[in-house]
Amino acid sequence: MNGLSRRGLLASAAAAGGALALPAASAATAAAGPAPAQAVRISRSDPRYTGLVSGANQRWVGRPDYVCLVSSTAQVVRAVQDAVDKGLRIAVRSGGHCNEPFVSDGDIRAVIDMSGMTQISYDEQRRAIAVEPGAMLGSVYRTLYKRWGVVLPGGTCPTVGAGGHITGGGYGALSRSLGLTVDHLYGVEVVTVSADGKARAVVATREPDDPNRELWWAHTGAGGGNFGVITRYWLRSADATGDDPAKLLPRAPSEVLVSDVSWSWKDLDEKSFKRLVRNFDAWHARNSGPDSRGRFLYSQFKLQHRAAGSFHMCTQVDTAAPDAEGLLDEFLAAVSAGTGVTYQVGDRTRAPWLYAVTQWFGFVESAICRWKAKAAYVRKTMPEDQIAAMYRQLTRTDYAHPTALIDLISYGGRINAVAPDATAVAQRDSHMKILYVSLWTGTDDDTRHEKWVREAYADVYAATGGVPRPDGVNDGCYINYADSDIADPSLNTSGIPWHRLYFKDNYPRLQRVKERWDPRDLFRHALSVRLP
């Protein structure tokens, strides 16, 4: 594996995108509170600068005038106002896991670093659990579990920041049974800038009578960097009542059944490979209804390039499912049926949920490296030409890279119980996601790896213009797996606008929110919502 951690690289690839109800502060401006300590500003001459201008994807290194380390909403307001007054282009970083150079763009002059805002607490006034954007998912899961025994159905990489993950929609190993992260978002606090250039903190909730409700809605799937700087999320499930924080979000599983199996490429030919992929796809198509027993099972089928020698399928089953062991056995049998090859068992055990979500190698180990990724939703079983293209791309001899992969990922279940316009996530009838990614460490080989990802994607979707056309077999792309190619007319020649691939019919509504809350278009990047 060229010195790279096999499972670590795959997990880092799969990783990489609030609460509650008191009469919703119909007003909108959050109280600034007493004057806090000053933010820390790191200039280019500071020895810490180099370590603060890049994220997890080491391809992207920025050159801003300074990085502002903030620890409170009031500090964010001042940092934004100062940048606006000086005419500086702003970007925001929380966990730093963005696929694309949205924060390191050459025009960015001021980076607001949210990593110091990590508080997770119960807000008695709003009767919700408050999470600041710098909190990493692993910390969120541990805190929710240890304090209140509850869970947020988020992603499987514990070092991803809550800031970008939640606003992009967010999903993970419990989403098939509990929904997306944004299905449990009650409110947001956002530092916005008005037409006259004044920064202020605004609270928006899902309460029907909240005059800022549309700003809340826009943060349920539009992705980060669109409307302002998120300084706080409030989490509370839509059906939660009362003021007991242990009852405001779903109860965390006590235990899960985890499984890791692998297939050797030497045992497979094109026919058996295609059957494996077809079986995995078909099982999810059959078992992804909102009330399906199969909703308790989540799996990642990590189809690595033949150069790796083998590929893995990592699966988790909530043991609260009726006959969890039987469900896993049925799933494994269905995936292998008719292939004529057998899998090797690497791991099968029952584990405490907290261990599985923060430590189990199948999903959570990560590595810092370089990568390029693309994604697609799947809403109908894939046709023969798509599966054949996957086989072609994973067996190419002119690009034999072991950490190039096509990852088939469970989706659907309770995710699909929500209407397409209830949140900004419009894709609500898919049963699977696909992640196309190559990972590497060398600094002088970016073009070769990026080329394979682009060619693989174009090959799989050749019949629909080289992109996963919405409302057909596929349903567009996932904004938390950001891919700037989709908005580049020299690379997306399908005739399908980038915003339709990401947001479908929700885009005009997002534009109206943009017009109201960021009329100066201060918060922008290659895939940000455009002004009308």
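Residues numbered from 1 in each chain as written. Predicted model: local features only at pLDDT ≥ 70, side-chain atom pairs only at ≥ 80, totals over all residues. Heavy atoms only, no water.

- The name an unreviewed UniProt entry assigns to the protein is FAD-binding oxidoreductase, from the organism Streptomyces monticola.
- The record held by UniProt for the protein lists under Cofactor (unreviewed entry) the comment "FAD".
- Recorded in UniProt under Sequence similarities (unreviewed entry), the annotation for the protein is "Belongs to the oxygen-dependent FAD-linked oxidoreductase family." (UniProt positions renumbered as here; feature names shortened; annotations may be inferred.)

### A few points about helix α10 (residues 384-394)
An α-helical segment advances 3.6 residues per turn. Residues three or four places apart therefore align on the same side.
In step 1: The element α10 is extensively covered by neighbouring structure, given that 8 of its 11 residues are classed as buried.
In step 2: Contact partners of the buried residues in α10: α7 (270-286), β11 (297-304), β15 (404-410), β16 (432-440) and α11 (446-460). (Buried < 20%, exposed > 50% of the residue type's maximum accessible area, 1.4 Å probe, protein only. Helix = DSSP H or I, 4+ residues; strand = E, 2+ residues; numbered from the N terminus. Contact = heavy atoms within 4.5 Å.)

### What about the pattern of salt bridges?
In step 1: Taken as a whole, this structure holds 41 salt bridges when the rule is applied.
In step 2: A salt bridge links R392 to D459; the nearest nitrogen and oxygen atoms lie 2.8 Å apart. Of the two residues, R392 sits in helix α10 while D459 sits in helix α11, which places them 67 residues apart along the sequence.
In step 3: Put simply, R500 and D471 hold a salt bridge, and the shortest N to O gap is 2.8 Å. Of this pair, R500 sits in helix α12 (residues 498-503) while D471 sits in the loop between α11 and α12, and the two are 29 residues apart along the sequence.
In step 4: Relative accessible area serves as the criterion here: at 40%, D471 is assigned to the partly exposed category.
In step 5: Within this structure, R59, E100, K372, K374, E450, R454, D483 and D485 form a network of salt bridges that share partners. (Salt bridge = Lys/Arg side-chain N within 4 Å of Asp/Glu carboxyl O.)

### Examining the sheet that holds β15
In step 1: In spatial order, the strands read β13-β10-β12-β11-β15-β16-β14; together these 7 strands make up an open sheet with antiparallel pairing. Because the sheet does not close on itself, it has two edges, and the strands there are β13 (344-352) and β14 (370-378). The mean angle between the axes of side-by-side strands here comes to 15 degrees, regardless of whether they run parallel or antiparallel.
In step 2: Two elements, β11 and strand β12 (residues 310-318), share 6 bridges in a ladder whose sense is antiparallel. Paired with L297 across the bridge in β12 is V317. (Pairing = 2+ DSSP bridges. Axes fitted to C-alpha atoms, helices over the stretch in contact; angles between N-to-C directions.)

### Here we look at the packing of aromatic side chains
In step 1: Counted under the stated rule, the structure contains 31 aromatic pairs.
In step 2: Ring geometry for W263 against F301: centres 5.2 Å apart, planes inclined by 50 degrees, an arrangement best described as tilted. Placement of W263 in strand β10 (residues 255-264) and of F301 in strand β11 is noted, with a sequence separation of 38 residues between them.
In step 3: For W263, a relative accessible area of 1% translates into the label buried.
In step 4: With a centroid separation of 6.4 Å and an interplanar angle of 80 degrees, the aromatic rings of Y377 and Y478 are classed as edge-to-face. (Phe/Tyr/Trp six-rings, centres within 6.5 Å; stacked < 30°, edge-to-face > 60°.)

### What to know about the state of the cysteines
Each disulfide consists of a covalent bond between the sulfur atoms of two cysteine residues.
In step 1: Scanning the model with the defined rule gives 0 disulfides in all.
In step 2: Left unpaired, C369 is separated from the closest cysteine sulfur, that of C157, by 11 Å. (Disulfide = S-S within 2.5 Å.)

### Observations regarding the packing of α10 against α11
In step 1: Between α10 and α11, the least distance of the axes is 8 Å, while the angle of their chain directions is 155 degrees. One finds that α10 runs roughly antiparallel with respect to α11. Both α10 and α11 take part in a crossing whose hand is right-handed. Where α10 abuts α11, its residues D385, Q386, A389, M390, R392, Q393 and L394 lie against W452, E455, A456, D459 and V460.
In step 2: A breakdown of the residues in the contact of α10 with α11 according to their chemical character gives 6 nonpolar, 2 polar and 4 charged. (Parallel < 35°, antiparallel > 145°, perpendicular 65-115°, else oblique. Left-handed = near helix turned anticlockwise from the far one by under 90°. Nonpolar A, V, L, I, M, F, W, Y, C, P; charged D, E, K, R; others polar.)

### Things to note about the pairing of β12
In step 1: Of all 9 residues in β12, 9 are buried, a share of seventy percent or more.
In step 2: By the alternation rule, side chains of β12 split into S310, H312, C314, Q316 and D318 and F311, M313, T315 and V317, which are all buried.
In step 3: As judged from the 9 bridges shared by β10 and β12, these two strands associate in the antiparallel manner. By the bridge assignment for β12, S259 is matched with T315.
In step 4: Taking the residues between adjacent antiparallel strands as the criterion, β11 and β12 are bridged by 5 residues, where G309 takes a positive phi near 90 degrees.

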